[in-house]
Amino acid sequence: MIKKRISAAVVLKNNKVVQSFKYKQYLPQGSINTIIQNLDRWGVDDIVVLDIDRSKNQLGPNLETIRNISALPISTPLTYGGGIRSVNDALKVIDAGAERIILDNLYINQPNKIKKISAAIGSQAIIISIPFKISEGKIYHFNYLNKRSTKLDFKQIRKYGHLISELLIVDVNSQGSSGSYSSEVIEHFHSLNIGLICYGGGGMFK
């Protein structure tokens, strides 16, 4: 039987945990320490913290939050995304306690930096986030900062594929709901031979 991994995403906005609905509406969820410790206790394989305000506000990574989580009595590995703009930022995130990083805005605007980051921390520690929308059978890359969609460039993903370990493919239209992930999109990514983390509209066994 193939072992699948369950990653639990914790979304931060204005330093508060929220449930994000299509990057449009946000529902407060409670104390980050309590949520992180509960996820650890429930046995998830990976905790992913996505701070969606850092790049928008031109801030670096939320190192204080990473250190706070790392100080908790938990054993679940931590992955962090938000505000990572350079090799130095990536090194600081790893040094603060995260095992892996997620790149989104940097991949869109400065993908050439990924090679240097991969050389510094290793490809196994890098995930690229691809929020997507499907329209008329075509896949579009959604930029949640400017709310614009462009046709997804699979050639670019292949170009940087050897520098990363996985893709976080986010179903924007299903984000915040349950049981509605666009699973057919997996076939489009399958040929890339890159590990996939499917996010947005999960949460049910089927």
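Because the structure is predicted, anything quoted here is derived from the model rather than measured.

### Some points on the overall build of the chain
Link 1 in the chain: From N to C terminus, the chain includes seven helices and 11 strands.
Link 2 in the chain: For the chain, whose C-alpha radius of gyration is 16 Å, the value lies close to the compact-globule estimate of 17 Å for 206 residues.
Link 3 in the chain: A principal-axis box enclosing the C-alpha atoms of the chain has dimensions of 45 × 40 × 40 Å.
Link 4 in the chain: Expressed as a percentage of its 206 residues, the buried residues of the chain come to 48%.
Link 5 in the chain: Considering only contacts in the chain between residues 6 or more positions apart, those separated by 24 or more positions represent 65%.
Link 6 in the chain: For the chain, the exposed area adds up to about 11100 Å²; of that, 50% sits on carbon and sulfur atoms.
Link 7 in the chain: Of the side-chain charges in the chain, 26 are positive and 16 negative, and the distance between the mean point of each set is 6 Å.

### Quick word on the pairing of strand β10 (residues 166-171)
Link 1 in the chain: Burial of β10 is extensive: six of the six residues sit out of reach of the surface.
Link 2 in the chain: Residues E166, L168 and V170 point to one face of β10 and L167, I169 and D171 to the other, with burial holding for every one of them.
Link 3 in the chain: Pairing of strand β7 (residues 126-135) with β10 involves six bridges; the strand directions are parallel. From the neighbouring strand, I130 faces β10, where its bridge partner is I169.
Link 4 in the chain: Direction of pairing for β10 relative to strand β11 (residues 195-199): parallel, over a ladder of five bridges. Bridging from a neighbouring strand, L167 pairs with L196 of β11.

Cut-offs and rules
- Residues numbered from 1 in each chain as written.
- Predicted model: local features only at pLDDT ≥ 70, side-chain atom pairs only at ≥ 80, totals over all residues.
- Heavy atoms only, no water.
- Helix = DSSP H or I, 4+ residues; strand = E, 2+ residues; numbered from the N terminus.
- Rg over C-alpha atoms; globule rule 2.2 N^0.38 Å.
- Buried < 20%, exposed > 50% of the residue type's maximum accessible area, 1.4 Å probe, protein only.
- Contact = heavy atoms within 4.5 Å.
- Areas by Shrake-Rupley, 256 points an atom, 1.4 Å probe, with all protein chains shown as cover.
- Lys, Arg positive; Asp, Glu negative; His and termini not counted.
- Charge placed at Lys NZ, Arg CZ, Asp CG, Glu CD.
- Pairing = 2+ DSSP bridges.

By themselves, these figures tell us nothing about what the structure is for.
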